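# Commentary on secondary and tertiary structure
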Amino acid sequence: MAVHNGPDDTISAARFTLLVDGWRESGTGSVSRRLAHIVRSRIGSGLLKAGAFLPPERAIAAALSVSRTTVVAAFDELRADGLIASRQGQGTWVEANDNDDAAPSSAQRLLLGGQRLNLAASVPGDASHLPHFVIDGADLAAVTPAHGYAPAGLPALREAIASRHDALGATTSITQIHVTNGAQHALDHALGALTRRGDVVAVEDPTYVGVFDLLVARGLAALPLPLGIVDAGGDRLTRLVRGGRARVILLLPAVHSPTGRVRNQVAMQRLAHDLDVLGLPVIEDNTVADLVFTGSRPASLASLCTRAPVVSVESMSKVGWGGLRLGWLRGDAAVVEQTVLGRERTDFGTSVPSQLVGLHLLGDYDRLVDERRAALARASKLFARLVRRRLPEWSAPRPGGGLSTWVDIGLDAESFTQHALRHGVVVASGASASRSRDARHHLRVCFDRTPLELEAAVSRLARADEDARGRR
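All of the points below concern the structure found in this document. Being a predicted model, the structure only gives us computed values, none of them experimental.

## Structural notes on the overall build of the protein
A tally of helices and strands in the protein yields 18 helices and 15 strands. For 472 residues, the compact-globule formula gives about 23 Å, and the C-alpha radius of gyration of the protein, at 24 Å, lands near that figure. Taken across its 472 residues, the protein has 54% of its residues classed as buried. At a minimum sequence separation of 6, the contacts of the protein that also span at least 24 residues come to 72%. Just so you have it, the protein exposes about 20700 Å², and 51% of that area is on carbon and sulfur atoms. For the protein, the distance from the average site of its 54 positive side-chain charges to the average site of its 49 negative ones is 4 Å.

## Focus on the pairing of strand β15 (residues 442-446)
β15 sits mainly inside the fold: five of its five residues count as buried. Here β15 shows a buried face lined by His442, Arg444 and Cys446 and a second buried face lined by Leu443 and Val445. Taken together, the five bridges between strand β12 (residues 404-408) and β15 define a ladder with antiparallel strand orientation. Following the sheet pairing, Trp406 is matched in β15 by Arg444. Summarising the sheet, strand β14 (residues 428-429) and β15 pair through two bridges and their orientation is antiparallel. Bridging across to β15, Ala428 finds its partner in Arg444.

## Digging into the packing of helix α8 (residues 183-194) against helix α14 (residues 333-343)
In contact at an axis separation of 9 Å, α8 and α14 are set at 110° when each is read in the N-to-C sense. Considered as vectors, α8 and α14 are oriented roughly perpendicular to each other. Residue-level inspection shows His185, His189, Ala190, Ala193 and Leu194 of α8 in contact with α14, the latter providing Val335, Gln338, Thr339, Gly342 and Arg343. By residue class, the composition of the contact of α8 with α14 is four nonpolar, five polar and one charged.

## Here's the deal with the environment of Ala246
Inspection of the secondary structure puts Ala246 in strand β8 (residues 246-251). Considered as a pair, Ala246 and Ala221 are 25 residues apart in the sequence and their alpha carbons are 9.0 Å apart. In this structure Ala246 touches Val200, Ala202, Leu223, Val241 and Leu280, once residues within four positions along its chain are discounted.

Thresholds, definitions, all that
Residues numbered from 1 in each chain as written. Predicted model: local features only at pLDDT ≥ 70, side-chain atom pairs only at ≥ 80, totals over all residues. Heavy atoms only, no water. Helix = DSSP H or I, 4+ residues; strand = E, 2+ residues; numbered from the N terminus. Rg over C-alpha atoms; globule rule 2.2 N^0.38 Å. Buried < 20%, exposed > 50% of the residue type's maximum accessible area, 1.4 Å probe, protein only. Contact = heavy atoms within 4.5 Å. Areas by Shrake-Rupley, 256 points an atom, 1.4 Å probe, with all protein chains shown as cover. Lys, Arg positive; Asp, Glu negative; His and termini not counted. Charge placed at Lys NZ, Arg CZ, Asp CG, Glu CD. Pairing = 2+ DSSP bridges. Axes fitted to C-alpha atoms, helices over the stretch in contact; angles between N-to-C directions. Parallel < 35°, antiparallel > 145°, perpendicular 65-115°, else oblique. Nonpolar A, V, L, I, M, F, W, Y, C, P; charged D, E, K, R; others polar.

Encoded structure:
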């Protein structure tokens, strides 16, 4: 049970209203479900702390202009989840999490964050932005093949994905699509089809945080390619790749993670030319390619390269929701077949309900993408403004797309993450995405959070920065 002192810990109705700002647009379903959803989110992020007393139900109802029945239903749901508790004569309070003080594992720090504000996981904070839809037994009964085992993915979804690649300029057939359990799964199978243990894979530096884990697990060596050299291209890039004896090149060409750099059409064409000169297999990670803040999505290498074979990896985790675990790879039919055969040793296909959700989302994907772009652009602008105001010694360039930014804090980043953790914020050090010495002073920060969470997180990071610099 939460430790509390009584009425002095009570949050005012006005403060509660600020904490749940935007709740009517949060989640889907009934009004009470939406209210419960955002209170659950605020408890999970630590903005509603264990032991804090919530305002009386009538006061909340008046402040939010809803019926008391709505508030009661929301609180009943939260009580059933063990997030709040009530006692006659005392009121309603936030329950403690037994694991609040436990030392988090590295995986928990990155993905879960415990009862902390998590800016390390570069994923949407929740699924509340998704449209409302229902999948019932009739949808499952209509699946082809009827038994639901489809290692390459449901034919209807593969056809829809192929059509999307067609529309983006890369002519694609259904035999060139393999539906996977997210982009990480797709990258792993692409590496499995294109490499052997001991091979060297050239990767941008910095790069997507999950790349190094994949390379280590498959016994592959990384050849870091500084972003400046990749962007400049030409003979220097060619000599570096050939001198390093790379067998495969893995890039985030269109919208880069974690920097948020966006390549324009001329830069993409120049890169495609350099890759054609090298003639090596290329894996392009386009997981965040849709999420450019202005203009249209950059062309894919698959549509631009004429000699280098390209495998494209995409996912719905950033536009949609990470919990879908839905991604895919696009490549030559022979490579795709090899990835499917490799997969059958461990599983027999992606969850059918997730694939049906993905098929539904693709029906109105452009609208969903546009909404995500606008929301991310606003969040990026707010984060940059907050950093300038509260952390003037930090350098946080405005990205052109994606969910994260590459921040130079002028301190040892690995050490700073511990200061941030003590102040209730999870951030990832640059070492998680880079092998260069310069990364020691960088953080990879996800800004895809609500304004309230960003303001609270930057305020806590400012206090952590003062601690790290010895000013407190």
